[in-house]
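Examining the three-dimensional arrangement
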Amino acid sequence: MSVLVGKDTRLIVQGFTGKEGSFHASQMIEYGTNVVGGVTPGKGGEKHLDRPVFNTVADSVEQAGANTTVIFVPPAFAGDAIIEAALAGIKVIICITEGIPVKDMIAAKAAVDRHGATLIGPNCPGVITPCEAKVGIMPAMIFTPGNIGLISRSGTLTYEAVDQLTKAGLGQSTAIGIGGDPVIGTTHTDAVKLFNEDPDTEAIVLIGEIGGSAEEEAAAYIKENVKKPVVAFIAGRTAPPGRRMGHAGAIVSGGKGTAEDKMKALSAAGITVCESPAVIGETMKKLLG
Amino acid sequence: MNIHEYQAKEILKDYGVAVPKGIAAFSVDEAVEAAEKLKSEGSTLFVLKAQIHAGGRGKGRTKKSGSKGVLLCKSVDEVRKGAEDLLGDVLVTIQTGEEGKEVQRLYVTDGVDIEQEFYVGVTLDRTCAQNVIMVSTEGGVEIEKVAEETPEKIVKEWVEPGQPLYPAQARRLAFALGLKGEPFKKAVKFIMALYKAYEATDASIFEINPLVLTPDNDIIALDAKINFDGNALYRHKDLLELRDITEENPFEVEAGKYNLNYIKLDGNVGCMVNGAGLAMATMDIIKLAGGEPANFLDVGGGANVETVKNGFSIILSDPSVTAILINIFGGIVRCDRVANGVLEAVKDPEIAEKVKGVPIIVRLQGTNAEEAKEIIDNSGLNVISAVLLKEAAEEVTKAIAS
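On a predicted model such as this, the values are computed, not experimentally measured, just so you know.

Let us now look at the overall build of chain B. Along its length, chain B carries 14 helices and 19 strands. On the principal axes, the C-alpha backbone points of chain B span a range of 80 × 50 × 40 Å. In chain B, which comprises 402 residues, the proportion classed as buried is 53%. Within chain B, contacts between residues at least 6 apart in sequence are counted, and of these 67% link residues at least 24 apart. Of the accessible surface of chain B, which amounts to about 17,700 Å², a share of 50% is contributed by carbon and sulfur atoms.

This brings us to the overall build of chain A. The number of helices and strands found in chain A is 9 helices and 14 strands. In summary, chain A has a C-alpha radius of gyration of 18 Å against a globular reference of 19 Å for 289 residues, a match within 12%. Seen along its three principal axes, the alpha-carbon backbone of chain A occupies a region of about 55 × 40 × 30 Å. Within chain A, buried positions represent 62% of all 289 residues. At a minimum sequence separation of 6, the contacts of chain A that also span at least 24 residues come to 73%. Approximately 10,100 Å² of chain A is accessible, and the part contributed by carbon and sulfur atoms is 52%. One finds the centroid of the 25 positive side-chain charges in chain A at a distance of 3 Å from the centroid of its 30 negative side-chain charges.

Here we come to the packing of aromatic side chains. Residues and elements named next belong to chain B. Counted according to the given criterion, the structure contains 5 aromatic pairs over all chains. Seen in terms of ring centroids, Tyr-195 and Tyr-198 are 5.9 Å apart; in terms of plane orientation they differ by 25°. Their pairing is stacked. Taken together, the residues span about one helical turn, with Tyr-195 and Tyr-198 both in helix H6 (residues 181-200) at a distance of 3 residues. This pair shows no difference in class: Tyr-195 is buried, exactly as Tyr-198 is. Cluster of aromatic residues (ring-pair linked, three or more members): Tyr-195, Tyr-198 and Phe-206.

Strand pairs in the sheet, formed through backbone hydrogen bonds, run parallel or antiparallel to each other. All names here are of chain B. Strand order in the open sheet formed by 4 strands is S1-S7-S2-S4, and the pairing between neighbours is antiparallel. Both edges of this open sheet fall to strand S1 (22-25) and strand S4 (70-73), since each of them pairs with a single strand only. The sheet shows a mean angle of 20° between the axes of neighbouring strands, taken without regard to direction. Bridge analysis of S1 against strand S7 (residues 105-110) gives 4 bridges, and the strand direction is antiparallel. From the neighbouring strand, Gly-22 faces S7, where its bridge partner is Thr-109. Where helix H3 (residues 76-86) meets the sheet, its contacts fall on strand S2 (46-51), S4 and S7, and the angle it forms with S2 comes to roughly 15°.

Among the structural elements, Gln-169 of chain B can be located in helix H5 (residues 167-176). If sequence neighbours within four positions are ignored, Gln-169 of chain B has contacts with Glu-157, Trp-158 and Pro-164 of chain B.

In the predicted model, chain B carries a mean pLDDT of 92, and 99% of its residues have values of at least 70. Note on the complex model: pTM 0.93, ipTM 0.91.

So, on to the interface of chain A and chain B. Contact residues are listed per partner, giving 57 residues for chain A and 44 residues for chain B. Counting the surface lost from both chain A and chain B, the interface buries some 3,800 Å², and carbon and sulfur atoms represent 63% of this. For the salt bridge of Asp-202 of chain B with Lys-103 of chain A, the shortest nitrogen-to-oxygen distance reads 4.0 Å. One can count 12 residue pairs in polar contact (both at pLDDT 80 or more) joining chain A with chain B. Of all elements in the fold, only helix H1 (19-31), helix H4 (102-114), helix H5 (155-167) and strand S13 (230-235) of chain A reach the threshold of two or more residues within the side of chain A that touches chain B. A total of 7 residues in the side of chain A that touches chain B trace back to one element, the largest contributor, which is H5 of chain A. Considering only residue class, the side of chain A that touches chain B consists of 26 nonpolar, 16 polar and 15 charged.

Among the nonpolar cores identified, the biggest contains 98 residues, and Val-70, Ile-94, Ile-176 and Met-245 of chain A are the most heavily contacted of them. With 8 residues, the top contributor of residues to this core is helix H9 (residues 276-288) of chain B. Apart from residues no more than four positions distant in its own chain, Ile-176 of chain A is found in contact with Val-3, Leu-4, Ile-120, Gly-126, Val-127, Leu-150, Ile-151, Ser-152, Ala-191 and Phe-195 of chain A. Formed by 42 residues, the second largest nonpolar core is a distinct cluster that contains Leu-165, Ala-170, Ile-226 and Phe-228 of chain B.

Along the chain, the position of Gly-56 of chain B falls in the loop between S2 and strand S3 (61-62). Taking C-alpha positions, Gly-56 of chain B is 31 Å from Ile-314 of chain B, a pair spaced 258 residues apart along the chain.

What follows deals with the packing of H5 of chain A against helix H9 (residues 280-288) of chain A. All names here are of chain A. The interhelical angle for the contact between H5 and H9, taken along N-to-C directions, is 45°, at an axis separation of 7 Å. With respect to H9, the element H5 is oriented oblique. The two elements H5 and H9 cross, and the hand of that crossing is right-handed. Here Ala-161, Gln-164 and Leu-165 of H5 come into contact with H9, specifically with Ile-280, Gly-281 and Met-284. The residue makeup of the contact of H5 with H9, split by class, is 4 nonpolar, 2 polar and no charged.

Bringing the pairing of strand S12 (residues 203-209) of chain A into the picture now. Residues and elements named next belong to chain A. Most of S12 sits inside the fold, with 7 of its 7 residues counted as buried. The two faces of S12 match: Ala-203, Val-205, Ile-207 and Glu-209 on one face and Ile-204, Leu-206 and Gly-208 on the other face are all buried. Relative to S12, strand S10 (residues 145-152) is paired through 5 bridges, and the arrangement is parallel. Across the sheet, Ser-152 pairs through a bridge with Ile-207, a residue of S12. Across 6 bridges, the pairing between S12 and S13 is parallel.

Residue and element names in this part refer to chain A. Positionally, Ser-60 belongs in helix H2 (residues 57-64). At 2.7 Å, the side chain of Ser-60 and the backbone oxygen of Val-57 are in polar contact. Residues contacting Ser-60, with those up to four places away along its chain left out, are Ile-12, Val-39, Phe-54, Gly-65 and Ala-66.

Attention now moves to empty space enclosed by the protein. Using the criterion set out here, one finds 3 cavities of 30 Å³ or more in the structure. Size it by volume and the largest cavity reaches roughly 70 Å³. Val-102, Lys-103 and Ile-106 of chain A together with Asn-131, Tyr-198, Glu-199, Asp-202, Ala-203 and Asp-229 of chain B are the residues that line the largest cavity. Looking at the lining of the largest cavity, the elements with two or more residues in it are H4 of chain A together with H6 of chain B. The biggest single contributor to the lining of the largest cavity is H4 of chain A, with 3 residues. Of the residues that constitute the lining of the largest cavity, the class distribution is 4 nonpolar, 1 polar and 4 charged. In this model, the second largest cavity occupies a volume close to 40 Å³. Contributing to the lining of the second largest cavity are Pro-125, Gly-126, Ile-128, Met-138, Phe-143, Thr-158, Tyr-159, Ala-175, Ile-176 and Gly-177 of chain A. Of all the elements in the fold, those that place two or more residues in the lining of the second largest cavity are strand S8 (126-129), H5 and strand S11 (172-177) of chain A.

Reading guide: rules and limits
- Residues numbered from 1 in each chain as written.
- Chains lettered and ligands numbered in written order.
- Predicted model: local features only at pLDDT ≥ 70, side-chain atom pairs only at ≥ 80, totals over all residues.
- Heavy atoms only, no water.
- Helix = DSSP H or I, 4+ residues; strand = E, 2+ residues; numbered from the N terminus.
- Buried < 20%, exposed > 50% of the residue type's maximum accessible area, 1.4 Å probe, protein only.
- Contact = heavy atoms within 4.5 Å.
- Areas by Shrake-Rupley, 256 points an atom, 1.4 Å probe, with all protein chains shown as cover.
- Rg over C-alpha atoms; globule rule 2.2 N^0.38 Å.
- Lys, Arg positive; Asp, Glu negative; His and termini not counted.
- Charge placed at Lys NZ, Arg CZ, Asp CG, Glu CD.
- Phe/Tyr/Trp six-rings, centres within 6.5 Å; stacked < 30°, edge-to-face > 60°.
- Pairing = 2+ DSSP bridges.
- Axes fitted to C-alpha atoms, helices over the stretch in contact; angles between N-to-C directions.
- pLDDT = per-residue confidence, 0-100.
- Buried area = accessible area lost by both parts, 1.4 Å probe.
- Salt bridge = Lys/Arg side-chain N within 4 Å of Asp/Glu carboxyl O.
- Polar contact = N/O pair within 3.5 Å; in protein donor to acceptor, adjacent residues only side chain to side chain.
- Nonpolar A, V, L, I, M, F, W, Y, C, P; charged D, E, K, R; others polar.
- Core = buried A, V, L, I, M, F, W, Y, C linked by side-chain atoms within 4.5 Å.
- Parallel < 35°, antiparallel > 145°, perpendicular 65-115°, else oblique.
- Left-handed = near helix turned anticlockwise from the far one by under 90°.
- 1 Å grid on protein atoms, 1.4 Å probe; cavity = no way out; pocket = protein on both sides within 12 Å on 5 of 7 lines; lining within 4 Å.
- Points joined across faces, edges and corners; volume = space filled by probe spheres on them.

What follows is the structure in structure tokens.
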């Protein structure tokens, strides 16, 4: 068992024949992910990476039994690509694309909710269940199967944490990169719920960053509902207010969304908060004894 | 992207949002001309406003003349005097920091009599992924303070995704301001037009503070702050022209040309990182190691020789940098390649000159990390290598102490 992606994943790649899509699709295939095809409007009927290309997501569902999609479509068209996947009945939509306008994401998220799908991202590294399915752009070799569920807004910081876990002898059930944008599909809280209900996840690493209040909401949920051990780290303690730190969502505004507030909320919920990003792995190791 | 108040008001006017009459001026003569024109149209009182990308102008002071950033002028002569004081002087407000901002543009507006002040703002509510319109009877003060102390005085309406703002919602907001009769009708119209402008321009913040009721029963935006969603600017070429690069940090503008995401900070340890989250975490590490981050710098996915070189140039243009930490997690990018890139950059004569005496700590982790460490250790150059983040932090502490 795992969450979101695994052995039952039948993946399509939207933006399959583009440069990014092609490169990462071949990496995912190499990892053993069941990629059943891809979608590039106008190239339906062709073959790419030895897989069928479809004109629409609906075609891929009908003809290849796709149930999961990963999106590499350019930002101007990515919101529409998410909506297309939701309308076609895809239940797990993972959007890697960075730079989608907020207005497009508001519409896309609403469509995803209406159709009962789960959206991960956008602007995220994707989701991986080690040795079962890699759906995204993460470097596969740092992951190892195990029982730690990992949630993070950022790409390379996720890799950092995973690498520390792996080096500490702690494998991962699934790692979810939820994305650094102001509007994202699956939030920290949603991801915590998934891991809390997953019998194969024994403990959770939650990595947050400044901006918004998603970490505080997750803390409140954990306090009420989660018995599994949770280790957290919040990036951006040294970030000045009013400045967007790379991620569109990472901004302290009007005194809200500071790292200190988030760390306090997490600690108050009984979560072990790491002061330094260098000790995430060893902190979890100690906690699990 | 940020714009000036006068630009924001032009946009609002285009969408039918009521703003005071006003004319932008880039020189004293233009300011006088603007005041003359407003006078010929019936203005008897003028407001002269410094145009900088920062709030708190009314309470701010200029460094040389000690002038306020917003002046009430009873005559054209007073406008001239005020313009002479403000233009070219540096205005310091609560939002600019001590260094302040040079005043290069002015806005001359009709002086409006005020009966009552309100607040209206539009922004994204991240908790529900919907736009929210907020109004408050507490206008003219910092809204964050109102939210903190008297949250019940802020009334909100959320816009359904993909739908317009409904008139019923605008009515509820206008009633919440305690308005009735003519002012009520005008407030409803104002709020409807305001949201339409927000939606049409892909804005991320609209803030009208204060929104005022005049003795003539008009509802007018006395000030306006607008921010646009940077991701959506590709579909608003006209708005892109409003960008005022002189308001931005020159190093940040330079970095942008190389597709580097750089923010200048006040510390002594420069850093270069791939990925925004790891970049923030690296800044935190520097602080924990006893230093202060001199910058945020995300070099993005492709850390090649060129990006590393450009990154060095930008970090080193800040004279307060006494050490540099490069932290790259090689995923798809192989660490040995990054290591070679770093060495090549350090050998570049221009950079070599600047890095003399500045210790460089390179932490490479991920694909081929061990090979990368060997490459650096055997280079004979004054570059310190680290593999674990912890080791990198220890090296930073040592570097600062020496």
